[in-house]
Amino acid sequence: MAVARPPPSPPRIEVRPATRSPRLNLLRTGRRTDDQRSWWGLLYLLPALGLVLPFKFVPLVSGFVDSLWHLVDVGGAGQFVGFGNYARMVGDPEVVAAFANVGRVVLTLPVWVVSPLLVAFLIHQRTPGWRLFRAVYFLPYMIAPVIVGSIFREILGTSGPLNILLRSVGLGWFAQAWLGGINTALLAVVGVSLWSFFGLGVITYLAGLASLDESVLEAAALDGAGFWRTLLSIVLPMLRPVVSYWAVLCLGGMFIWMFPLLFSLTQGGPGYATMLPEYLVYLTAFQFNDRGYATAIGIVLFAVVSLASFWIVREMYASSVARERA
Amino acid sequence: MTRHKHLLVFAVASVVAISAAGAVSSASAADSGTHTPVTITVFNWGQGGDQYWADANKAFEAKYPWITVKAESVPFEQYLQQEGAYINSKSGPDVMANNVGLELFERKTAYLPINDRLTPDITGQLTTYKWGCENFDTTQPCYGLPQSFQGNVMYYNVKVLQAAGLDPQNPPATWDAFNAACDKIKATGKACIAMGTGSTVAYWDYPEIARNYLDEQGIVDQFKGKIPWTDPRMVNILKRLAEMADKGWFQDSASTIPMLPDGGDVFTSGNAGFIASIVSDVFNWKQWGDAIGNDNLGVMPWPVIDANAPLAHKFSGVEGFVHGVTSWSQHPDEAFLYVAWLAGADNANLFLQEAGGQPINKAFNASLITNSPSFTKIQTLIKDPTLHAGVLLSGKEADALSRGYQQIMLKQITVDQWVQQMQAALVASPEKKP
Amino acid sequence: MTVFTGTQLQSLGRLGRSWSVTAVLLVGASIATYPLIYTVMAAFKTRSEFASNRLGLPLHPTLANFGQAFERLDISRLLLNSFVASIGGVVVTLVASLLAAYAIIKLRVPLRRFAFFLIVGSLLVPFQSIMYPLYDTMLAMGLIGQRIGLILAFGAFGLPFSTFLLAAYLGGIPDELLEAARLDGANSFNILVRIILPLSIPAIASLTILNFVWMWNDLLLPLLVMGGGDGKTLMVGVANFRGQYDVNIPLISAGISVAIVPAVIVYLLGQRQLIKGVVTGAVR
């Protein structure tokens, strides 16, 4: 079979960013505009900053201040403990368990990143019914997470549809209490979240694919490139920004958007098998009435997820910049 | 010229309107005495149903025409979280509710002590109101008034018991008899007790076992954090709870379904003989009776483990929930009128009939309910109440209890490990530093 | 969307037969849709039928659950509350993020990197940790219990995602277009309105759908800002069904089925615009 080599020069120029594919070009040193004009441009930032600062950052700072206190009685004054809450976290088995769990969840990130791309690429082939598929794959995302949790609690029950299906195809030995098993519970929670967010990934990738230069794909096809080679060697590199954005979004989701699902699926159980830091923050604040401590856990969560995202973005851009220069 | 004419018309119209409004409002003020109209916001979790609260608020407004009630309710799942936002910001509703016990005491800064507003004719009507007061002492600050009396019983499905060869008129009264009965029920293919996971184990099941091992002083000591979970009495309580799971008294799915609502479903679909739940306004005789038939529903106290224990034959009873006046309310007088009305005789029968509640006001008329033998029997069961051990658990203890119990049901931990988890929870409970 | 000629279809054939593609997609699609189908079917069953026949088609379909849901939900008010909040939130997010993305990507304002990371990074702030401080801040601004408060909160929370997407999209618009317009004497605002805006329609359409969906479905923000009284949104109302007072899964399912319809409608409306936009964008 003919080896698909990178197409000759002319298409390559078209592939370069700045013209067709949407790219984040912040890291490029581009043209400089007049300084005079630029300072006026700051006005355009006012609405966005006017929203983000009071609604996100002011509360975050205020939360950080709260985390320096031992706040127990609801509405009570509390005592100042400095970084005592943070020190307490280190030895607390529940906090450790929660972060260990989120670490395990993060290990599944590759599945989250690649599988929607696969489906998006399939839909992108425009085979019959592609519009219907695009709508259908997006449907789960439109169901509110708390409701998704209720629905799947039904489905994953010991005599729920999943187990019935398994038994009916002879896989009865595999049927179990998915939400009750120490190992399967976390997997089940990840599976349900993936099901819920999958459609968003498909749409994101489809948008990215739609802005690709079709001629490159056609050239590759004419060169005899197979499905997988096209996907992995040509499409994936061209979609780098979209992939990295989706990766960061998934990472954020794993750290901070699992709450409604956890609330309706397992409440962190059995034991602490599906306890994630986000849910632990909720429990600590509202069930255990330890608000200062809860906020401290939340701040640490924010720090961890920011660092992780920053690292991912840097990795993806470092390698892409290196490729460009090569 | 036209503009001036318009202005003139506008001015005249305004004067007419304002005087008309003035006449109307002074007329209504005359109707209600010299009260200015006030609106109070009431926040609770809609206990007993939206229809009941709509009617209760209407009845209240009819009695106090100058007060308008704005009702706000969210499901209990979100209630404490939402309430916390109000408490933290010291703003929001005029009246709020909380369950008695530690839940209320942790939030006492939210409530205005009402001792100086209580009169004998308010308090004399109530069976008790001490649970809403510090240290259960009515001479200390009281934060709210109750309208319901709450406690734990076991309901049963008469037909299921009959099919198992048991006598519904004489349900098992001791632990061993209950075990034997369970075997018979299981032989017919039904589960013995309908069960599920969640914090209900701390409030509905734990107190009933605890009564056999702790006396009243013991319960108070546990509340104050003086008894570790490694104490033999506490270990025995946990062992008995575990025994219920180990002996297969629950249906298979118990470890993975929540008690609310799925556990209840198991009972209402006729797949279990018993369900352990409560007396007032939810998961009670009214709800079960509606589902399986009032004549098909039986009720009994929990089976006794140690007949010699001082509290063995008593009833873990407690005020259900209290409503109180918030400490930031701009209308404390009207808010208190509302709180007192809820505790009063007018509300008692309404609460009974519409919400299936168990009123704590002595003036309620039990014979209003004619079709539920269970309700009638409950009136005798609740006569001898004692302290309710469940509401005296800290948030962390309640969480550890239910979490651990799920793992016991799943056979993932031993009782010893559960004891360790409970002890760790007690030590970490901010409210129980002895 | 590119229109395929016969030759191109042939080359597609080399990427895999279209039927195998369809087959794979079909398997995934059934996994995607089954849970919702299960719920909608439950909505048409009575409680007793649901207890005995969980999985199958409703044998005696009934509309009683929907009737009860409508009755208990005061649906017209809740729908209005949700619509106003969601549409308002979408508008606020789109305006703020378009302006911000324009400033960062095209105007290249000073401190653009800082602003970008600040805005996009705010995505990662965990809600549970800032819930009460946010409530206090909004209370101080007089926004609690006000529709505008929820709209602004939605706007702020949708901002990071929208700004990133628009920034990426604007990056693909050639600077030459803007230069040409500038040489013709257009100022930055004119360029925004006459050139950037029309070109951004596909991105805006996508963001409208995506933002509307999460705002429509959200429970935490509307509960915090509007509470459980008259101002509550539809999702909060449906969540009330799940309260411990209902063991009635068919009723809850009916509520769910009703609540999801508007999101589906918005998607269907928006996706046509999306197709048009993609056509325009690709031919460019």
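Along every chain, residues carry numbers that run from 1 in the direction the sequence is written. Note on labels: chains are lettered from A, ligands numbered from 1, in written order. Predicted model: local features are reported for residues with pLDDT of at least 70 only, side-chain atom pairs are reported and counted for 80 or more only, and whole-chain, interface and lining totals are derived from all residues.

### Concerning the overall build of chain B
Next up, step 1: Regarding its fold elements, chain B presents 17 helices and 11 strands.
Next up, step 2: Its C-alpha atoms give chain B principal-axis dimensions of about 95 × 50 × 45 Å.
Next up, step 3: Backbone-placed C-beta atoms define the burial measure: a residue is buried with 20 or more other C-beta atoms within 10 Å of its own, exposed with 12 or fewer, and partly exposed in between. A burial count over chain B gives 53% of its 434 residues as buried.
Next up, step 4: Here, residues touch in the contact sense if the C-beta positions derived from the backbone fall within 7 Å of one another. A separation of at least 24 residues holds for 79% of the contacts in chain B among residues at least 6 apart in sequence. Strands are runs of DSSP state E lasting at least two residues, helices are runs of H or I lasting at least four, and both sets are numbered from the N terminus onward.

### Some remarks on the overall build of chain C
Next up, step 1: Within chain C, the secondary structure is distributed over 14 helices and 0 strands.
Next up, step 2: Traced from its N-terminal end to its C-terminal end, chain C shows the element sequence α-α-α-α-α-α-α-α-α-α-α-α-α-α.
Next up, step 3: Of all 284 residues assigned to chain C, the portion counted as buried reaches 55%.
Next up, step 4: Across chain C, the fraction of contacts at a sequence separation of at least 24, relative to all contacts at a separation of at least 6, is 76%.

### Quick notes on the domain arrangement of chain B
All names here are of chain B.
Next up, step 1: Each domain's limits were defined by an automated method or a database of domain assignments. On domain assignment, one finds that chain B holds domain 1 (34-148 + 320-362) and domain 2 (151-318 + 377-432).
Next up, step 2: Contacts between the two partners involve 14 residues from domain 1, matched on the other side by 13 residues from domain 2.
Next up, step 3: Each residue gets one of three labels, nonpolar for Ala, Val, Leu, Ile, Met, Phe, Trp, Tyr, Cys and Pro, charged for Asp, Glu, Lys and Arg, and polar for the others, Gly among them. Each residue belonging to the side of domain 1 that touches domain 2 can be placed in one class, and the counts come to 4 nonpolar, 9 polar and 1 charged.

### Section: the packing of helix H5 (residues 109-124) of chain A against helix H9 (residues 184-210) of chain A
Residues and elements named next belong to chain A.
Next up, step 1: Under this scheme, a helix contributes an axis fitted over its contacting stretch, all axes are lines through C-alpha atoms, and angles between N-to-C directions fall in the 0 to 180 degree range. Where H5 contacts H9, the axes come no closer than 8 Å and their chain directions differ by 55 degrees. Taken as axis vectors, H5 and H9 run oblique relative to one another. In this structure, H5 crosses over H9, and the sense of that crossing is right-handed. Within the contact between the two elements, H5 uses Trp 112, Pro 116, Leu 117, Val 119, Ala 120, Phe 121, Ile 123 and His 124 and H9 uses Leu 194, Phe 198, Gly 201, Val 202, Tyr 205, Leu 206 and Leu 209.
Next up, step 2: Taken together, the residues that form the contact of H5 with H9 break down as 13 nonpolar, 2 polar and no charged. Each angle is binned into one of four classes, with values under 35 degrees roughly parallel, values over 145 roughly antiparallel, values of 65 to 115 roughly perpendicular, and all other values oblique. Handedness of a helix crossing follows the sense of rotation of the near helix relative to the far helix, less than a right angle counterclockwise being left-handed and clockwise being right-handed.

### Some details on helix H9 (residues 216-223) of chain B
Residues and elements named next belong to chain B.
Next up, step 1: Of the positions making up H9, those classed as buried are Gly 218, Ile 219, Gln 222 and Phe 223. Along the axis of H9, the buried positions cluster into a sector of 140 degrees, meaning they face one direction only.
Next up, step 2: Residues of H9 that are buried sit in contact with helix H10 (232-246).
Next up, step 3: Looking one or two residues past H9, Gly 225 carries a phi angle of roughly 80 degrees, positive in sign. Summarising the geometry, the arc corresponds to the directions from the helix axis toward the C-beta atoms.

### Some thoughts on unusual backbone geometry
The phi torsion of most residues other than glycine is negative, and most of the peptide bonds are trans.
Residue and element names in this part refer to chain A.
Next up, step 1: Even without a glycine there, the phi angle at Arg 126 is positive, about 60 degrees.
Next up, step 2: Within the secondary structure, Arg 126 sits in the loop between H5 and helix H6 (130-138).
Next up, step 3: Since 18 C-beta atoms lie within 10 Å of it, Arg 126 is described here as partly exposed.

### A closer look at the interface of chain C and chain A
Next up, step 1: On the side of chain A, 88 residues touch chain C, which itself brings 83 residues to the contact.
Next up, step 2: With 13 residues, helix H2 (residues 18-43) of chain C is the single largest residue contributor to the side of chain C that touches chain A.
Next up, step 3: The residue inventory of the side of chain C that touches chain A, partitioned by class, reads 54 nonpolar, 24 polar and 5 charged.

### Here we look at the sheet that holds strand S3 (residues 95-99) of chain B
All names here are of chain B.
Next up, step 1: Strand order across the open sheet formed by 5 strands is S2-S1-S3-S10-S4, with mixed pairing between neighbours. The open sheet has two edge strands with one neighbour each: strand S2 (67-73) and strand S4 (145-146).
Next up, step 2: Strand pairing requires that DSSP identify at least two bridges connecting the strands. Summarising the sheet, S3 and strand S10 (residues 321-325) pair through 5 bridges and their orientation is antiparallel. By the bridge assignment for S10, Ala 97 is matched with His 323.
Next up, step 3: Docked against the sheet, helix H13 (residues 332-342) engages strand S1 (38-44), S2, S3, S4 and S10, running at close to 160 degrees with respect to S10.

### Re H13 of chain B
Next up, step 1: Within H13 of chain B, 9 of the 11 residues are buried, which leaves the element mostly enclosed by the surrounding structure.
Next up, step 2: Those residues of H13 of chain B that fall on the buried side of the exposure criterion are Glu 334, Ala 335, Phe 336, Leu 337, Tyr 338, Val 339, Ala 340, Trp 341 and Leu 342 of chain B.

### Things to note about the pairing of S1 of chain B
All names here are of chain B.
Next up, step 1: Where burial is concerned, most of S1 is hidden: 5 out of the 7 residues are buried.
Next up, step 2: In this sheet, S2 lies alongside S1 in parallel orientation, the contact comprising 7 bridges. Counted as the bridge partner of Thr 39 is Thr 68 from S2.
Next up, step 3: Note on the crossover from S1 through helix H2 (residues 50-63) to S2: the handedness is right-handed. We call a crossover right-handed when, viewed with both strands directed away from the observer, the connection leading from the first strand over the helix to the second proceeds clockwise.

### So, the interface of chain A and chain B
Next up, step 1: The interface is formed by 21 residues belonging to chain A together with 25 residues belonging to chain B.
Next up, step 2: Here the residues of the side of chain A that touches chain B sort into 9 nonpolar, 10 polar and 2 charged.

### Notes on the confidence of the model for chain B
The predicted coordinates of low-pLDDT regions are not to be read in fine detail.
Next up, step 1: Of all residues in chain B, 92% attain a pLDDT of 70 or more, and the chain-wide mean is 88.
Next up, step 2: A residue's pLDDT is simply how confident the predictor is in it, with values from 0 to 100. Confidence drops under pLDDT 50 across residues 14-32 of chain B; counting only partners more than four residues distant or on other chains, this segment forms 5 contacts.

### Looking at the pairing of strand S7 (residues 272-278) of chain B
All names here are of chain B.
Next up, step 1: For S7, a buried count of 6 out of 7 residues is recorded, marking the element as mostly surrounded by other parts of the structure.
Next up, step 2: Where strand S5 (residues 149-157) and S7 come together, 5 bridges link them in antiparallel fashion. Each bridged residue has a counterpart across the sheet, and for Asn 152 the counterpart in S7 is Ile 278.

### Notes on the confidence of the model for chain C
Next up, step 1: Averaged over all residues, the pLDDT of chain C is 81; the fraction at 70 or higher stands at 87%.
Next up, step 2: Interface predicted TM-score (ipTM) for the complex: 0.81; the corresponding pTM is 0.83.

### Notes on the packing of helix H3 (residues 76-89) of chain B against helix H7 (residues 127-140) of chain C
Next up, step 1: Relative orientation of the contacting elements H3 of chain B and H7 of chain C amounts to 55 degrees, with a least axis distance of 9 Å. The angle between the axes of H3 of chain B and H7 of chain C places the two elements in the oblique class. Classified by chirality, the crossing of H7 of chain C by H3 of chain B is right-handed. Along its contact with H3 of chain B, which presents Gly 84, Ala 85, Asn 88 and Ser 89 of chain B, the element H7 of chain C presents Tyr 132, Tyr 135, Asp 136 and Leu 139 of chain C.
Next up, step 2: By residue class, the composition of the contact of H3 of chain B with H7 of chain C is 4 nonpolar, 3 polar and 1 charged.

### Re the environment of Pro 262 of chain C
Next up, step 1: Note on placement: Pro 262 of chain C falls in helix H14 (residues 249-283).
Next up, step 2: C-alpha separation for the pair Pro 262 of chain C and Gly 67 of chain C, spaced 195 residues apart in sequence, amounts to 18 Å.

### Some points on the environment of Ala 389 of chain B
Residue and element names in this part refer to chain B.
Next up, step 1: Checked against the element boundaries, Ala 389 lands in the loop between strand S11 (385-386) and helix H16 (395-409).
Next up, step 2: Here the alpha-carbon distance between Ala 389 and Asn 44, two residues 345 residues apart in the chain, equals 24 Å.
Next up, step 3: Among residues more than four places away in sequence, those in contact with Ala 389 are Tyr 206, Pro 207, Ala 210, Leu 214, Ile 219, Gln 222 and Ser 316.

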